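Secondary and tertiary structure notes
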Amino acid sequence: MRLLVVSTPVGALGSGRGGGVEITALALVAGLLERGHQLTVLAAEGSTLPASCAAAALWAEPGVDQPSWQHRPRGAAVELPADALLGHLWRRALLRQAEFDVILNLAYDWLPLWLTPHTATPLAHLVSMGSVADVMDGLIAEIARSHPRHLAFHTAAQAADFDLTQPPRLVGNGFDLSRYSFQAEPAELLGWAGRIAPEKGLEDAAAAAARLGLPLAVWGLQEDPAYARRVEASVPPGTLQWRGFLPTDQLQAELGRCAVLLNTPKWNEAFGNVVVEALACGVPVAAYARGGPAELVQEGHTGALAAPDDVAALVAAVRRARGIERRHCRAWAEQRCSQQAFAARIEAWLEAMAGPTLAHR
Ligand code: HBI
């Protein structure tokens, strides 16, 4: 297929501001290139692609980032800033659509979803979050009725947030596992990674680490400094080790030394990339049984699950996770989350969606 992948209008690829969707985009592009498809990536100016995606064309657009849906009230209206990057991206996509067999949208935004019935080239959407806004819920429900094959989700828990009339297409996620090294011997250290913001629940991981008397290394973008300070103040000094937002190569080297990764989502995490990144390094995961992570962590095999928001249960889950055979974690990631396995699922979805039109192009 000749595929146009349209990225998120929240931050350039490689900036870390796009959150999990950046990892998804790069694994998807690299994996589909390996399968012989022709890829063009349409993203914000300043975006960069790693060597694994070098064979893809990169189209860059200027403009002002969309406000992130994560930090808007549920009832918020759709906002388009002046000189919106979103407008630039979709003007270019519509203008050049005839050169492609499929357009794949990765943005969690109103405009691309609304365009689905109005493009000549089939337009597919990999939905990157659970329910965060009424206006998006409504539009996803509408497109799920008019164009059910055009939507895919990472996990069943995420898809369950939406009013769908048919069983959802689930594609999981994908990672370039060659960038993650298995580490057999852990240090006396716990880990937590993610955007440092309230919906990620760092305070619970900090409380659990304090009760276990183990330090907690924290990696991630400090999106909410006041929140970070509140968490720091909630545990004895020295409990938290703030490691910052690191590029994947450095993150995995440090993450791999942890005895257990704690994952404490307060929202319906659509997938939980950091869970797979830890497993890829051989680090078992103690997670709240909520959202995507609850589908990723295999109790007793790759980690342990705790009742959501129950710190005592999380402490018990960390203790169970420390007994896990670390090689099973890496093996599970290879079997389910490699970019090869992910790209095969994406290809199956897109060919099922566009198959008839692909045939006679
Ligand atoms: N907000 N408006 C908007 N558009 C996106 O594509 C978007 C977002 N917030 C977060 C986000 N994407 C990504 O971090 C997802 O991977 C969660």
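Quantities reported herein were computed from a predicted structural model and do not represent experimental measurements. (Residues numbered from 1 in each chain as written. Predicted model: local features only at pLDDT ≥ 70, side-chain atom pairs only at ≥ 80, totals over all residues. Heavy atoms only, no water.)

Some remarks on the domain arrangement of the protein
- For the protein, the assigned domains read domain 1 (2-174 + 339-359) and domain 2 (177-336).
- When each unit is reduced to the centre of its C-alpha atoms, the spacing between domain 1 and domain 2 is 27 Å.
- Contact with domain 1, which involves 21 residues of that partner, is made by 16 residues of domain 2.
- On the surface where domain 1 and domain 2 come into contact, there are zero salt bridges.
- Taken together, the connections running from domain 1 to domain 2 amount to nine residue pairs in polar contact (both at pLDDT 80 or more).
- The set of elements that each furnish at least two residues to the side of domain 1 that touches domain 2 consists of helix 1 (20-34), helix 5 (156-159) and helix 13 (339-359).
- Residue contributions to the side of domain 1 that touches domain 2 peak at three residues, all from helix 5.
- Looking at the side of domain 1 that touches domain 2 residue by residue, the class counts come to six nonpolar, twelve polar and three charged. (Domains from an automatic or database assignment. Contact = heavy atoms within 4.5 Å. Salt bridge = Lys/Arg side-chain N within 4 Å of Asp/Glu carboxyl O. Polar contact = N/O pair within 3.5 Å; in protein donor to acceptor, adjacent residues only side chain to side chain. Helix = DSSP H or I, 4+ residues; strand = E, 2+ residues; numbered from the N terminus. Nonpolar A, V, L, I, M, F, W, Y, C, P; charged D, E, K, R; others polar.)

Things to note about the nonpolar core
- Of all hydrophobic cores here, the largest spans 32 residues; its most connected members are L28, V29, L104, L126, I346, W349 and L350.
- For this core, the secondary-structure elements that each account for two or more residues are strand 1 (2-6), helix 1, strand 2 (38-44), strand 4 (102-105), strand 5 (123-127) and helix 13.
- Discounting residues that sit within four places of it in the chain, W349 has contacts with L104, A124, H125, L126, R149, H150, L151, A152, R169 and V171. (Core = buried A, V, L, I, M, F, W, Y, C linked by side-chain atoms within 4.5 Å. Buried < 20%, exposed > 50% of the residue type's maximum accessible area, 1.4 Å probe, protein only.)

As for the packing of aromatic side chains
- Tallied over the full model, the rule gives four aromatic pairs.
- Relative to W114, the ring of W110 has its centre 5.6 Å away and its plane inclined at 15 degrees; by these criteria the two rings are stacked. Of the two residues, W110 and W114 are both situated in helix 3 (residues 110-115); the distance of four residues between them amounts to about one turn of the helix. (Phe/Tyr/Trp six-rings, centres within 6.5 Å; stacked < 30°, edge-to-face > 60°.)

Observations regarding unusual backbone geometry
- Residues other than glycine seldom take positive phi values, yet D83 does so here, at roughly 55 degrees.
- With respect to the helices and strands, the residue D83 is situated in the loop between strand 3 (57-61) and helix 2 (85-95).
- On the basis of relative accessibility, which here comes to 48%, the residue D83 falls in the partly exposed class.
- The residue D309 is not glycine, and still its phi comes out positive at about 70 degrees.
- Looking at where D309 falls in the secondary structure, it is placed in the loop between strand 12 (303-306) and helix 11 (311-321).
- Look at D309 and you get partly exposed, because its relative accessible area is 39%.

A few points about the site of the ligand
- In the vicinity of the ligand lie 17 residues, with T8, G18, S68, Y108 and D109 positioned nearest.
- A distance of 2.6 Å separates a nitrogen atom of the ligand from a polar atom in the side chain of D109.
- Protein burial of the ligand: of its 390 Å² of free accessible surface, 95% is covered by the chains.
- When its residues are assigned to classes, the shell around the ligand shows eight nonpolar, eight polar and one charged. (Near = heavy atom within 4 Å. Areas by Shrake-Rupley, 256 points an atom, 1.4 Å probe, with all protein chains shown as cover.)

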